[in-house]
Each structure stands twice: as C-alpha cells, then as structure tokens.
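Survey of secondary and tertiary structure
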Amino acid sequence: ALIMPAAAQDDGKWCTGQTIRFFVGGAEGDAFGSIVLRGAQAAEADLGATVEYVFSGWDVERMIQQLREAIAAEPDGIAMMGHPGNEAIMPLAEEAAAAGISMMYQNVDVPDVRARFGGGYIGAQLVSQGRALGEEVVRQYGLGAGDTALVFVPLGQPGRDLREGSTADALEAAGVTVVRLDSPPEYASDPNLALPALTAAALNAENLRLIVYPGGQLLGAVPVYMDALGFAPGDIVNIGFDTSPAIMEAFQSGYVQLTSDQQPFLQGYLPILSLCGTLTYGFGALNVDTGAGFVDTTNYASVAEQAIAGYR
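Attention in this report is confined to the structure presented alongside it. (Residues numbered from 1 in each chain as written. Predicted model: local features only at pLDDT ≥ 70, side-chain atom pairs only at ≥ 80, totals over all residues. Heavy atoms only, no water.)

**Remarks on the sheet that holds strand S8 (residues 208-212)**
Note the threshold: A pair of strands counts as paired when DSSP detects no fewer than two bridges linking them. A run of H or I in DSSP counts as a helix once it spans at least four residues, and a run of E counts as a strand once it spans at least two, with each numbered from the N terminus. A fitted line through C-alpha atoms serves as each axis, taken over the contacting stretch for helices, and the angle formed by two N-to-C directions is quoted from 0 to 180°. Residue contacts are defined here by distance: any two heavy atoms, one from each residue, within 4.5 Å place the two residues in contact.
Read across the open sheet, the six strands follow the order S7-S6-S8-S9-S10-S12; overall the sheet is mixed. The sheet is open, and its two borders are formed by strand S7 (177-182) and strand S12 (294-296), each paired with just one other strand. Geometrically, the sheet is characterised by an average inter-axis angle of 20° between neighbouring strands, direction not taken into account. Pairing of strand S9 (residues 237-241) with strand S10 (residues 258-260) involves three bridges; the strand directions are parallel. Among the inter-strand pairings, Phe241 is bridged to a residue of S10, identified as Ser260. Its contacts with the sheet put helix H12 (residues 245-252) on S9, S10 and S12, and the angle it makes with S12 is roughly 45°.

**Some thoughts on the nonpolar core**
Our working rule: Nonpolar core, defined: a set of buried Ala, Val, Leu, Ile, Met, Phe, Trp, Tyr and Cys residues in which side-chain atoms within 4.5 Å join the residues together. Accessibility here uses a 1.4 Å probe with only protein chains present; expressed as a share of the type maximum, an area under 20% marks a residue as buried, one over 50% as exposed, and anything in between as partly exposed.
By size, the foremost hydrophobic cluster in this structure holds 47 residues, and its most contacted members are Leu67, Ile78, Met80, Ile89 and Ile272. Mapped by element, the contributors of at least two residues to this core are strand S1 (19-23), helix H2 (33-47), strand S2 (50-54), helix H3 (60-72), strand S3 (77-81), helix H4 (86-98), strand S4 (102-106) and helix H13 (264-281). Element by element, the count of residues in this core is highest for H13, at seven residues. What Met80 contacts, discounting residues up to four positions off in sequence, is Phe23, Met63, Leu67, Ile89, Met103, Met104, Tyr105 and Gln106. Counting 31 residues, the second largest nonpolar core, distinct from the first, contains Ala221, Val222, Ile236 and Ile247.

**Some details on the environment of Asp296**
This is how it is decided: Polar contacts here mean pairs of N or O atoms no more than 3.5 Å apart (in protein, one a potential hydrogen donor and the other a potential acceptor; neighbouring residues in sequence count only if both atoms are side-chain atoms).
Here Asp296 lies in strand S12. When its relative accessible area of 10% is taken as the criterion, Asp296 is described as buried. Each C-alpha atom, one on Asp296 and one on Ser166, is 20 Å from the other, the two residues being 130 residues apart in sequence. For Asp296, the residues in contact, after removing those within four places along its chain, are Gln140, Phe251, Gln257 and Leu258. A polar contact is formed between the side chain of Asp296 and the side chain of Gln140, at a distance of 3.1 Å.

**So, the packing of aromatic side chains**
Operational definition: Each pair of aromatic rings taken from Phe, Tyr and Trp, with Trp reduced to its six-membered ring, is defined by centres within 6.5 Å and is described as stacked if the planes are under 30 degrees apart, edge-to-face if over 60, and tilted in the remaining cases. Cation placement over rings: the criterion is NZ of Lys or CZ of Arg within 6 Å of the ring centroid and within 35° of the ring normal.
For the structure shown, the criterion picks out 10 aromatic pairs. Taking the centre distance of 5.5 Å and the plane angle of 55° together, the rings of Phe265 and Tyr311 count as tilted. Of the two residues, Phe265 sits in helix H13 while Tyr311 sits in the segment after helix H14 (301-308), which places them 46 residues apart along the sequence. Looking at Phe265, the relative accessible area reads 19%, which means it is buried. Ring geometry for Tyr281 versus Phe283: centroids 5.5 Å apart, planes at 40°, classification tilted. Taken together, Phe152, Tyr187, Tyr213 and Tyr225 form an aromatic cluster joined through their ring pairs. Arg163 extends its terminal NZ or CZ atom over the ring of Phe241, reaching a point 3.8 Å from the ring centre.

**Observations concerning the pairing of strand S6 (residues 148-153)**
Short version of the rule: Handedness is read with the strands pointing away from the viewer; a crossover is right-handed when the path from the first strand over the helix to the second is clockwise.
Buried residues dominate S6, accounting for six of its six residues. Because side chains alternate across S6, one face comprises the buried residues Thr148, Leu150 and Phe152, and the other comprises Ala149, Val151 and Val153, equally buried. Running through helix H7 (residues 162-173), the crossover from S6 to the neighbouring parallel element S7 is right-handed. Of the pairings in the sheet, the one linking S6 to S8 comprises four bridges and is parallel in character.

**Re the layout of surface pockets**
Formally: Here a cavity denotes grid points, spaced 1 Å and computed from the protein atoms alone, that fit a 1.4 Å probe unable to get out, and a pocket denotes an open set having protein on both sides within 12 Å along at least 5 of 7 lines; residues with an atom within 4 Å of a point are the lining. Grid points are joined across faces, edges and corners, and a volume is the space filled by probe spheres set on the points. Residues were grouped as follows: Ala, Val, Leu, Ile, Met, Phe, Trp, Tyr, Cys and Pro as nonpolar; Asp, Glu, Lys and Arg as charged; and all remaining residues, including Gly, as polar.
Each pocket or cavity is described by its volume, and for the largest pocket that value is around 160 Å³. Around the largest pocket sit 18 residues that line it, and Ser102, Met103, Phe117, Gly118 and Gly119 are the ones nearest its centre. Those elements giving two or more residues to the lining of the largest pocket turn out to be H4, S4 and H13. It is S4 that provides the largest number of residues to the lining of the largest pocket, a total of four residues. Residues of the lining of the largest pocket, tallied by class, amount to 11 nonpolar, seven polar and no charged.

**Focus on the pairing of S1**
A large share of S1 lies buried, amounting to four of its five residues. Sheet topology places S1 next to S2; five bridges connect them, and they run parallel. The residue of S2 that forms the bridge with Phe23 is Val54. At this point the chain moves from S1, through H2, to the parallel S2, and the crossover so formed is right-handed.

**Some words on the packing of H3 against H4**
Two packed helices can be described by the angle between their axes and the distance between those axes. For the record, the criterion: Throughout this description, any angle smaller than 35 degrees is read as roughly parallel, any larger than 145 degrees as roughly antiparallel, any in the 65 to 115 degree range as roughly perpendicular, and the remainder as oblique.
Packing of H3 against H4 leaves a shortest axis separation of 10 Å and a crossing angle of 5°. Comparing the axis directions of H3 and H4 gives the class roughly parallel. Taking contact as the criterion, the partners of Ile64, Leu67, Arg68 and Ile71 in H3 are, on H4, Ala88, Ile89, Leu92, Glu95 and Ala96. Residues that form the contact of H3 with H4 fall into these classes: seven nonpolar, no polar and two charged.

**A look at the environment of Phe152**
Positionally, Phe152 belongs in strand S6. Through-space distance from the C-alpha of Phe152 to that of Tyr269 is 28 Å; in sequence the pair is 117 residues apart. Not counting residues up to four positions away in its chain, the partners in contact with Phe152 are Glu164, Leu181, Asp182, Ser183, Tyr187, Ala194, Leu198, Ile211, Val212, Tyr213 and Pro214.

The structure is reproduced here in structure tokens:
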C-alpha cells in the first residue's frame, strides 16, 4: 500500500516506514560490494527507509536461498543481485509479486523475469559493455592475428557470463587467439584462488599479450599475479572491469592498463531510490545503465581520489 509519510514534511525523509531487503552481492568488505553497500547506505540515510543488508559472497545458490528468506520476511521491497539468472529467480519473483513485494535488480540483468513480473534494472548493459572493452583494447594496443589473450569468463553462470564472453568475442573478431578460463564465484571472494589456473594458462600460451579479468577483485590483484608469473609492469596488457583503491594502485605501478567503470555506488543508491518511489508514490521502476566508459593510463588519476575514498 502507498504510504504518504508525515515525516517527509519534517525532515525530507519521504521513504520513512518502508522496509527494503538489499542484496549487496559480495561478502562484507568485498572490494566491489563495499562500494555498492556505501551507495545503498547513502540512500537509506537520505530517504529514511529501513534497509536490511544481505551478504552472499557472490555465491548464486546462497543468493537464491537468501531470496527465499527475504520473501518469507515480507518486506515492502527487495533489491536483488541478478547473478542466479532468469530461470532460478523466476519462480521466486512470482512469489514476491503474489505477496505484493516490489522488486528491483542490480549488477546483472534478468530481462525475462522483469518482463513477466516487473521491476527495473540498475547496472551496466553487460553485452555492450563487454564488447566495447574488447574493441577498445584492440584499438589502443593494436592487437590482432598472432596475439593470444586469456579471458576469465564465469562459465557456469548464465547471464553473468555475457560480459566477459562478449569481450572474448570482440577479441576473436579482431583475429586474436582467445583462451577462456573459468571464473567461479569463489575467485571474487578470494582472488588468490585464481592463481594456479592463471599460471598454467599463461605458461602454455604462445605470444601472450593480454589478460582480461572478470571484476575488480581480480583486477586489483594483478600486481600479485604478475609477480608470481615473473612479469614486469607493461610486459602483459591487463584489463577488466571496475575501479577500486587496489586498481588505482595497479594503474600507478604500471600493471593495469584499462578498465570499464560501472559505478557500483549507483547500483547501491538507485535501486533503493526506485523502490522508495514505487512504494511511496507509485512511480514506475527506474532502469539505468551505470556504465561510465573507460578508465585507462591517461585518465585514471581523475578518478583515483574517489576510488580511494570508496565511491568509485
């Protein structure tokens, strides 16, 4: 039911009285999730909603169980990470709709679910974002036939794999030989787990020019990976997605050359803003592409201060 909060007249917190369950995605302290969390907390403070935070360690099975629990708790709204995909989320979205719970989705889109049961999407458009990154690195570094790239792709996560898969496709279209490496969710929780697979693939690759990482956690660990492989800054082009303090340090030290920024702060703030608008005033759900373009060796300093402060 729509609530016109009296508190809005006093302190401007026009979403007072609404309860929202918010999925952060990662574990507490996660490099990417912590920026999402900061955005959500800012929205909570600005708007006055009561927000309950859910941490999943990027584990899709855990997310689904937590979504069941969230629906059972009967909040007014749920902001859900779309990583489990359309098929897994669909029956629970149906339950939520039947219970009158408004839904929003962030970071990974579930268009089939939204088409049937509503809700908006706040995040980058994964296919176009991934393709653009591949095309940009080809443009900047002249990659082509005879070059090899290792691309981490979350192979077991339909929907989530679209971004890095599109980067791999763009590289192959330019003639680059691409080796796809699986990137299970636990890599995001502990980037060191990726080192054995990366080491084996790098040692077996002929004329390795490029490595593409699947998220800010692994991209921030590039100096550790390169040191383990015996590569100096600039020996390999290292690219990926997101910004963070660790990634800014890797730019500064010369280990990272290019990343695609998806502004996770907005993936925290805007789902709550959208749910508040729907719950309080009956507004339609927001759909926002948070992709902000590229950070590279020429412009990383302009976002470093925000990244180190935890907002980029």
